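Working through the structure, step by step
This is what each chain is made of:
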Amino acid sequence: MFTNSISPALQAHLDARLDFVTELSRKMFDTALRVNELNMHLAQELLEEATSANQRMLTARGSEAMSAVASQVQPGTDRLRQYQQKLSHLMADANVEMNRTAETHLPEASRTAVAFADELVRKTAEETEKAAQRQREIIDKMHVGAQSDGAGRQDHAQAH
């Protein structure tokens, strides 16, 4: 029967998968940190601009207040466009890094998966052969027992 211990092939496969998932998780975490930094930077810039615009509006008179507000629309739009470009670049870099990680780790994970599958097939075949051998032995014992019972009955019947 199968033992409860982990086979070396399974352990190698689990280690390869763990290494892959660990590195992929690190890449994703690093990307999340960079996105967070980008978001914080944008929020800080927009807050500074809004504060500055509010101060100009408070000190402006009449039509100057409207032109102060209008003057803030274009810089805000430009900042959002820059943010979008930086975010797109960051995501493209993250995609490249994750693909590189997969290219590095998947061949080993595949190799260890095949090795484990081969070991499992071999062990299953061995166990199946052992079970079949035990069944043949039981059948042979039953057959021998039936022949000796039959011979004993025949001898008993001839004696009478």
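Summarised in this report is the structure supplied together with it. (Residues numbered from 1 in each chain as written. Predicted model: local features only at pLDDT ≥ 70, side-chain atom pairs only at ≥ 80, totals over all residues. Heavy atoms only, no water.)

1. Description of the overall build of the protein chain
Broken down by element type, the protein chain carries two helices and zero strands. In the protein chain, which comprises 160 residues, the proportion classed as buried is 16%. Considering only contacts within the protein chain whose residues lie at least 6 apart along the sequence, 85% involve residues at least 24 apart. In the structure as shown, the protein chain presents an accessible area of about 12300 Å², 59% of it carried by carbon and sulfur atoms. (Helix = DSSP H or I, 4+ residues; strand = E, 2+ residues; numbered from the N terminus. Buried < 20%, exposed > 50% of the residue type's maximum accessible area, 1.4 Å probe, protein only. Contact = heavy atoms within 4.5 Å. Areas by Shrake-Rupley, 256 points an atom, 1.4 Å probe, with all protein chains shown as cover.)

2. Remarks on the environment of T104
With respect to the helices, strands and loops of the structure, T104 is situated in helix α2 (residues 63-159). Considering only alpha carbons, one finds T104 and F20, 84 residues apart in sequence, at a separation of 8.5 Å. Among the polar contacts made by the side chain of T104, one reaches the main-chain carbonyl oxygen of R100 at a distance of 2.8 Å. (Polar contact = N/O pair within 3.5 Å; in protein donor to acceptor, adjacent residues only side chain to side chain.)

3. A few points about the pattern of salt bridges
Throughout the structure, instances matching the rule amount to 10 salt bridges. Two residues, R81 and D78, come together in a salt bridge whose shortest N-O distance is 3.0 Å. With a gap of three residues between them, R81 and D78 both fall in helix α2, about one helical turn apart. Judged by its relative accessible area of 28%, D78 falls in the partly exposed class. Here R111 ties to E108 by a salt bridge, and the two come within 2.7 Å at their closest N and O atoms. With a gap of three residues between them, R111 and E108 both fall in helix α2, about one helical turn apart. By relative accessible area, which is 36% here, E108 ends up partly exposed. Look at the salt bridges and you will find they share partners, linking K27, E97 and R100 into a network. (Salt bridge = Lys/Arg side-chain N within 4 Å of Asp/Glu carboxyl O.)

4. Notes on the environment of L10
In this fold, L10 is placed in helix α1 (residues 8-59). Given the relative accessible area of 22%, L10 is considered partly exposed. Along the backbone, L10 and L120 are 110 residues apart, and their C-alpha atoms lie at a distance of 9.2 Å.

5. Some words on the side chain of H13
Relative to the helices and strands, H13 is located in helix α1. H13 sits in the buried class, given a relative accessible area of 12%. Separated by 3.3 Å, the side chain of H13 and the backbone nitrogen of A113 make a polar contact. Beyond its immediate sequence surroundings of up to four residues, H13 is in contact with A109, T112 and A113.

6. Examining α1
For α1, with 52 residues, the first-to-last C-alpha span of 76 Å sits near the 76 Å given by 1.5 Å per residue. For α1, the set of buried residues is A9, H13, A16, F20, T31, V35, L38, L42, E45, E49 and A53. (Expected span 1.5 Å × (residues − 1).)

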